[in-house]
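Now for the letters of each chain:
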Amino acid sequence: MQNLIDIADILRERRRSVKITIDTHGKLVVFAPIKMNTQRLGEIINQKAKWIEKKMQQIAQVNIDHQTIINFKQISVCGTLYDITAGDTKTITIEKNQVIVPNKYYIEGSYIKHLLKWQRALGAEILTKRLETLGKTHGIGYKSLKIGDFKAKWGSCDTNKNIKLNWRLVMLPHNVIDYVILHELSHTYEMNHSQKFYAVLERLMPGWKQARLTLKRNNFLLGIYR
């Protein structure tokens, strides 16, 4: 592998240590202290060369495996893949195994922007209803729900029982959506990830471990539309 610092995006910040990340496109991004000299920074990056190379290879493979979604040839809705096609419609619609996008959006070159708007609205609708249903089913209350667009997390719950969910969950299978929601509802009892927390989660969703594995395999979805 070539000199890593030469291929990295270096972002200088007011920080004490170096943070090394690989983005969803396989790009090496390094957050570095403002005053750290380039030679020392290069040494630190090179110390992580094996990890960086492995991570880049993993991301490259993910991009190959899921290229139809990443390149907007297909779209995932609740875990089902649909071909994206143009059609003589006024709005984006789902018909059989296709998501049909109005021809005018393709002509304008704006179909991805409209897909984002459509899928985000669909996510807000589905997640809001599902949280309400699961909360009532299990007798768990929460203060509020915010549907957001988060780069590195699927959901969260604060000490005041305010829940946040990533709209991108709508791309995942129903059981994975339920897992994330029940995970956050479990935090209304236990704010940490202690044994008590997982006991609550196990009671609410005995199959949560398999759902978590599926979620991790689909983390690439956090980078779609960016």
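Asks: Describe helix α9 (residues 208-217), listing the residues and the values that go with them.
Replies: The complete set of buried residues in α9 reads Trp208, Ala211, Thr214 and Leu215. In a view along the axis of α9, the buried residues occupy a sector of 120°, so they form one face of it. Exposed and oriented more than 90 degrees from the buried face of α9 are Lys209, Lys216 and Arg217. Packed against the buried residues of α9 are α7 (174-186) and α8 (195-204).

Asks: Describe in detail the environment of His183, supporting the description with residues and values.
Replies: Of note, His183 is situated in helix α7. Residue His183 is classed as buried on the basis of its relative accessible area, which comes to 12%. It is 38 Å that separates the C-alpha atoms of His183 and Asn46, two residues lying 137 residues apart in sequence. Residues within four places of His183 in sequence aside, it is in contact with His193, Phe197 and Leu201.

Asks: Let's hear about the pattern of salt bridges: which residues, and what values?
Replies: Per the counting criterion, the structure on display carries nine salt bridges. Measuring nitrogen to oxygen at the nearest pair gives 3.3 Å for the salt bridge that ties Glu43 to Arg40. Linking Glu43 with Arg40, this pair stays in helix α2 (residues 38-47), spanning three residues, or about one helical turn. For Glu43, a relative accessible area of 36% gives the class partly exposed. On the basis of relative accessible area, Arg40 is assigned to the partly exposed category, the value being 36%. Where Glu125 meets Lys129, a salt bridge forms, and the shortest distance between an N and an O atom there is 3.3 Å.

Parameters and conventions
- What you see as residue numbers is a count from 1 along each chain, following the sequence as written.
- Local features are withheld for residues below a pLDDT of 70 in this predicted model, meaning they are given only at 70 or higher, and side-chain atom pairs are given and counted only at 80 or more; totals for whole chains, interfaces and linings count all residues.
- Note: side-chain values were computed over all heavy atoms of the structure, leaving out hydrogens and water.
- The buried label goes to any residue with under 20% of its type's maximum accessible area, the exposed label to any with over 50%, and the partly exposed label to all in between, with areas taken from a 1.4 Å probe on protein chains only.
- What counts as a helix is a DSSP run of H or I of at least four residues, what counts as a strand is a run of E of at least two, and both are numbered from the N terminus.
- The arc in question is the one spanned by the directions pointing from the helix axis to the C-beta atoms.
- Residue contacts are defined here by distance: any two heavy atoms, one from each residue, within 4.5 Å place the two residues in contact.
- By definition, a salt bridge exists where a carboxyl oxygen of Asp or Glu is found within 4 Å of a side-chain nitrogen of Lys or Arg.

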